[in-house]
Amino acid sequence: MAIAERPAERGTAPQPGAGSGSDGPPLEFHVFKGIPGEEQGDVTYRVPPVTGMVVLDAIHWIQKHVDTDLACRWNCKAAKCGSCSAEINGMPRLMCKTRIDDLPEGPITVRPMKAFPLIKDLVTDVSHNYEVNRRIPQFTPAADEPTPFVIKDIDLERIYEFRKCIECFLCQDVCHVLRSHDLQEQFYGPRFFVRVASLEMHPKDTVDRLEATRTEGGLGYCNITKCCTEVCPEHIHITDNAIIPLKERVADRHWDPLRAVSRLLLGRR
């Protein structure tokens, strides 16, 4: 370990048979600690196991009993706020939704999301995502559109899927365009292709965002590996239902002359 090994403080270390629901030898966690410009590395902690515990439970136990200086971001502990995103055993996950007994036996590593600048320990700066979000025009119905909106069920189902996003940014973290190629300024990322799709496919929206998504959003950089879909805790079909339809619409507009003429004559987007 790069910094130090920190066992539980005396009196808080797990004791055989101590406490209901606690059983077995201590769990070993290798948790990243550090801030930019200073020493960084994994610290080893041993945490008493509890039936049904999740990784965030272990982080909270460490903060209470061993290392009050360990920083992590969390809020709801119910997999709905998207705050506790991290890389657990190398995989982007929510700490509050990752059960210990679902992980392979052995040491568990917990690291901050790699695609975002480090602030401290497990906390990263995700503010760039909100800057991207501001560049995307908001939902804009026609001025004379009667309300309440009347929308077909099939359109509602499609929109509801996209609105399940909790903005955990795990999809942004796993995307190789952002993670490995550092193209944040040229690529919206999966989360924001989902947002664009939710607006473009809304039957009452009137704004055209396709060209901006193709150019400043860098839609063409996505090569459909589906890694974003695999890590989505809300099981949104990001690639199949958002990114691929956007790519098809861009292709239709630029390389299908019949559809382009039809769209021009009929006024369809």
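For the structure itself, look to the data block above.
Quantities reported herein were computed from a predicted structural model and do not represent experimental measurements.

**Student:** How should the overall build of the chain be read in this particular structure?
**Tutor:** Along its length, the chain carries ten helices and eight strands. When each of the 269 residues of the chain is scored for burial, the buried share is 45%. Restricting the contact set of the chain to residue pairs at least 6 apart, pairs at least 24 apart contribute 65%. Here the chain displays about 14400 Å² of accessible surface, and carbon together with sulfur accounts for 52% of that area.

**Student:** Teacher, can you tell me more about the pairing of strand S6 (residues 108-111) here?
**Tutor:** The side chains of a regular strand alternate between the sheet's two faces. The side-chain alternation of S6 yields one buried face, formed by Ile108 and Val110, and one unburied face, formed by Thr109 and Arg111. Note that strand S2 (residues 27-33) and S6 share three bridges and pair parallel. Note that in S6 the partner of His30 across the bridge is Thr109. Looking at chain direction, strand S4 (residues 85-88) and S6 are connected through two bridges and run antiparallel. Residue pairing for S6: Ile88 is matched across the bridge by Val110.

**Student:** How should I be thinking about empty space enclosed by the protein in this particular structure?
**Tutor:** By rolling a water-sized probe across the atoms, one finds the places where empty space is left. Here the structure, examined in full by the defined rule, presents two cavities of 30 Å³ or more. Considering only enclosed or pocket space, the largest cavity measures out at about 130 Å³ in volume. In terms of residue class, the lining of the largest cavity is built from ten nonpolar, no polar and three charged. Estimates place the volume of the second largest cavity at around 90 Å³.

**Student:** I would appreciate a short explanation of the pairing of strand S3 (residues 41-47) in the present structure.
**Tutor:** Along S3, six of the seven residues are buried, which leaves the element largely enclosed by surrounding structure. Note that S2 and S3 share seven bridges and pair antiparallel. Across the sheet, residue Phe29 finds its bridge partner in S3, namely Tyr45.

Calculation notes
Residues numbered from 1 in each chain as written. Predicted model: local features only at pLDDT ≥ 70, side-chain atom pairs only at ≥ 80, totals over all residues. Heavy atoms only, no water. Helix = DSSP H or I, 4+ residues; strand = E, 2+ residues; numbered from the N terminus. Buried < 20%, exposed > 50% of the residue type's maximum accessible area, 1.4 Å probe, protein only. Contact = heavy atoms within 4.5 Å. Areas by Shrake-Rupley, 256 points an atom, 1.4 Å probe, with all protein chains shown as cover. Pairing = 2+ DSSP bridges. 1 Å grid on protein atoms, 1.4 Å probe; cavity = no way out; pocket = protein on both sides within 12 Å on 5 of 7 lines; lining within 4 Å. Points joined across faces, edges and corners; volume = space filled by probe spheres on them. Nonpolar A, V, L, I, M, F, W, Y, C, P; charged D, E, K, R; others polar.

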